[in-house]
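So you can see what is in the structure, the chains are spelled out below.
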Amino acid sequence: MHLDQAHAYRVRWLVVYWGAVGIALTGEVLAFSDVAPAEARLAISLGLLAIAGSATMATDLHRRRLPAEEFDKATAGARVAGIGWWLLVVVLVVFASAESGLGATRDVDTDSVVASTTTLVAALVGVAALTKVVGEGWTEYKAAVARHPHRSGVTA
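So, how was this worked out
- Residues numbered from 1 in each chain as written.
- Predicted model: local features only at pLDDT ≥ 70, side-chain atom pairs only at ≥ 80, totals over all residues.
- Heavy atoms only, no water.
- Helix = DSSP H or I, 4+ residues; strand = E, 2+ residues; numbered from the N terminus.
- Buried < 20%, exposed > 50% of the residue type's maximum accessible area, 1.4 Å probe, protein only.
- Contact = heavy atoms within 4.5 Å.
- Areas by Shrake-Rupley, 256 points an atom, 1.4 Å probe, with all protein chains shown as cover.
- Phe/Tyr/Trp six-rings, centres within 6.5 Å; stacked < 30°, edge-to-face > 60°.
- Lys NZ or Arg CZ within 6 Å of the ring centre and 35° of its normal.
- Salt bridge = Lys/Arg side-chain N within 4 Å of Asp/Glu carboxyl O.
- Core = buried A, V, L, I, M, F, W, Y, C linked by side-chain atoms within 4.5 Å.
- pLDDT = per-residue confidence, 0-100.

Focus: the overall build of the protein chain
Scanning the protein chain from terminus to terminus reveals six helices and zero strands. Counting from the amino terminus, the protein chain carries its helices and strands in the arrangement α-α-α-α-α-α. Across the 156 residues of the protein chain, 40% fall into the buried class. Across the protein chain, every contact between residues at least 6 apart in sequence was considered, and the portion connecting residues at least 24 apart equals 78%. When the accessible surface of the protein chain is totalled, it reaches about 8,200 Å², and 66% of it is carbon and sulfur.

Structure (structure tokens):
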């Protein structure tokens, strides 16, 4: 893959990862604003920690200009966490649409939407994502850093 293509590839994934951080942060704010049930708060917090850590590691690897293949291997944990948050948004939108009668003009009970996704949050982006990032993700990140030491002044 050409250097410019590898750069564009990494940037596209960084947009996914940091967008997922924004989604997770929104979930965190809502969870602690009493919108989410208490049992969902831990899962949402773990998911936020996982994706924020993943996005930070991926950003560092991007700055080291890893080839696309190595970037993929080193950020597999970030994909799990990032795609999990994006899928959660799709599920919430679809569920909210179904709850509202697919366009009907009745109010949607957001508490029931959030409560219905508690298990999904825990499975997709909570403990599973954190475990993937802390275990395999950290190991792959450290290996990639060892192979590609940071060069001062290089941020492309």
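So, unusual backbone geometry
Here R65, not a glycine, exhibits a phi torsion of approximately 55°, which is positive. Structurally, R65 can be placed in the loop between α2 (38-63) and α3 (68-74).

Concerning the environment of A58
In this fold, A58 is placed in helix α2. For the pair A58 and Y17, spaced 41 residues apart in the sequence, the C-alpha separation amounts to 8.2 Å.

Overview of the packing of aromatic side chains
Counting across every chain of the model gives two aromatic pairs. On the numbers, 5.4 Å between centres and 35° between planes, the contact of W138 with Y141 is tilted. You can see W138 and its partner Y141 sitting in helix α6 (residues 118-147), three residues apart, about one turn around the helix. For W138, a relative accessible area of 44% puts it in the partly exposed group. Between the NZ or CZ atom of R79 and the centre of the ring of W13, over which it lies, the distance is 4.1 Å.

Regarding the pattern of salt bridges
All told, the structure shown has three salt bridges when counted by the stated rule. For the salt bridge of E70 with R147, the shortest nitrogen-to-oxygen distance reads 2.9 Å. Remark: R147 occurs in helix α6 and E70 occurs in helix α3; sequence separation between them is 77 residues.

What to know about the nonpolar core
Of all hydrophobic cores here, the largest spans 28 residues; its most connected members are Y17, I51, L61, F71 and W85. Contributing elements (two or more residues each) for this core: α1 (3-31), α2, α3, α4 (76-99) and α6. Setting aside residues no more than four positions away along its own chain, Y17 makes contact with I51, A55, A58, F71, T75, A78 and R79.

So, the environment of M57
Position of M57 relative to the elements: it lies in helix α2. Overall, the relative accessible area of 12% leaves M57 in the buried class. M57 sits 17 residues away from A74 along the chain, and the two C-alpha atoms are 8.9 Å apart.

Regarding the environment of V21
Inspection of the secondary structure puts V21 in helix α1. Owing to a relative accessible area of 12%, V21 belongs among the buried residues under this scheme. Sequence separation of V21 and A50 is 29 residues, and the distance between their C-alpha atoms is 9.1 Å. Apart from the residues lying within four places of it in its own chain, the contact partners of V21 are L48, I51, A52 and A55.

Examining the confidence of the model for the protein chain
Summing up the model confidence of the protein chain, the mean pLDDT is 73 and the portion of residues at 70 or higher is 60%. For the protein chain, helix α5 (residues 110-116) is the element with the lowest average pLDDT, namely 56, and α3 is the one with the highest, namely 88. Counted against residues more than four places away or in other chains, residues 152-156, with its pLDDT under 50, gives eight contacts.

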